[in-house]
Amino acid sequence: MAAERQTTIARKVSCAGVGVHSGARARLTILPAPVNSGVRFVRVDVPAGTGEIQAHAECVSDTQLGTTLSNAHGVSVAVVEHLLAAIAGLGLDNLLIEIDGPEVPIMDGSSSVFYELMMMAGRKTQGAPRRRIRILEPIEVRDGPKHAVLSPSDHDVLTLRARIEYDDAHIGVQQMAMRLAPGMFARDLAFARTYGFARDVEMLRSMGLARGGSLENAVVIGEDGIMNPEGLRSEDEFVRHKMLDAVGDLMLAGAPIAGNYDAVQPGHGLNNRLVRALLASPSAWCWEEAGTSAVLEDVRAAV
């Protein structure tokens, strides 16, 4: 089987909108990037030379109601997970993302707009081989009743299983499993919106959060049920969004993962701890050339 090649987009695309937490409007432009550069954000509204931030787990500085990336200059970009999930779902490797504000626009609360934008841009195959992370040993993190595990798989893509449990009857217990094969993200996850409870809105806004949140960009659960006039996009939209978040957070490992992800009550903090634990465990994974079964190098040789 021929080795897979790295990919980027064929032309730049842009969108604009408000941040769900900051309420600040930002314009975001996604551009092609060279091989082996990965995904990088650049804040274009800060002094030159201070705005670049690598999309990597080690750059995560906050996981409260979203994943925030920061650099050594203290420059950050918040709520990156929905955009990163779309990038992972499309199988893109190298992108430069310019943004003129502190937070990725929330758009409709899902990954759909980002996915469709990059589909419109087209995919460009590049000259270098694509690598993936092959899970060799289980890695687990726990936080009370919450836990997440990465474990070995016979498949060459990520298989996800997640379960959420809420006392609220409008969500209850939901669980889902899926394999992140080509096309599956678009079909099963991209449309799932972020969500929250109406009872928490004032508290969140007093904390400087949810200032841009609305029924246009989030599913809101009130005492009497779903407040959005259009209702849910699927009965289990809540767990689907948690899996969408996980796809984005796991992309911060730095390459696609071949393995199983199993989680109960997952969240951004748990996902980031899991990726960091994986990268800190050299015996638990290896580099592998995508499209083949040939291991390129043991991580111990790469560190």
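The rules behind each value
- Residues numbered from 1 in each chain as written.
- Predicted model: local features only at pLDDT ≥ 70, side-chain atom pairs only at ≥ 80, totals over all residues.
- Heavy atoms only, no water.
- Pairing = 2+ DSSP bridges.
- Helix = DSSP H or I, 4+ residues; strand = E, 2+ residues; numbered from the N terminus.
- Axes fitted to C-alpha atoms, helices over the stretch in contact; angles between N-to-C directions.
- Contact = heavy atoms within 4.5 Å.
- Buried < 20%, exposed > 50% of the residue type's maximum accessible area, 1.4 Å probe, protein only.
- Polar contact = N/O pair within 3.5 Å; in protein donor to acceptor, adjacent residues only side chain to side chain.

S.K.: Explain the sheet that holds strand β3 (residues 25–32) residue by residue, including any values.
M.R.: Pairing within the open sheet is mixed, and its five strands lie in the order β2-β3-β9-β4-β5. One side of each edge strand has no neighbouring strand; the edge strands of this open sheet are β2 (13–18) and β5 (52–54). The average undirected angle you get between the axes of adjacent strands in this sheet is 20 degrees. Along the sheet, helix α1 (residues 81–90) contacts β3, β4 (39–43) and β9 (95–99); its crossing angle with β4, the most-contacted strand, is approximately 145 degrees. Where helix α2 (residues 112–121) meets the sheet, its contacts fall on β2, β3 and β9, and the angle it forms with β2 comes to roughly 165 degrees.

S.K.: Please give an account of the side chain of Gln126 that cites residues and values.
M.R.: Structurally, Gln126 is set in strand β10 (residues 123–129). Judged by its relative accessible area of 11%, Gln126 is buried. A distance of 2.7 Å separates a polar atom in the side chain of Gln126 from a polar atom in the side chain of Asn94. Contacts of Gln126, omitting those with residues within four sequence positions, involve Arg5, Gln6, Thr7, Thr8, Ala33, Pro34, Val35 and Asn94.

S.K.: Account for the sheet that holds strand β18 (residues 225–226), naming residues and giving values.
M.R.: Read from one edge to the other, the open sheet built from three strands follows the order β16-β17-β18, with strand pairing classed as mixed. Two strands in the sheet have a free side with no partner beyond their single neighbour: β16 (195–197) and β18. Where strand β17 (residues 219–222) meets β18, two bridges bridge the pair, whose relative direction is antiparallel. Paired with Gly222 across the strands is Gly225, a residue of β18.

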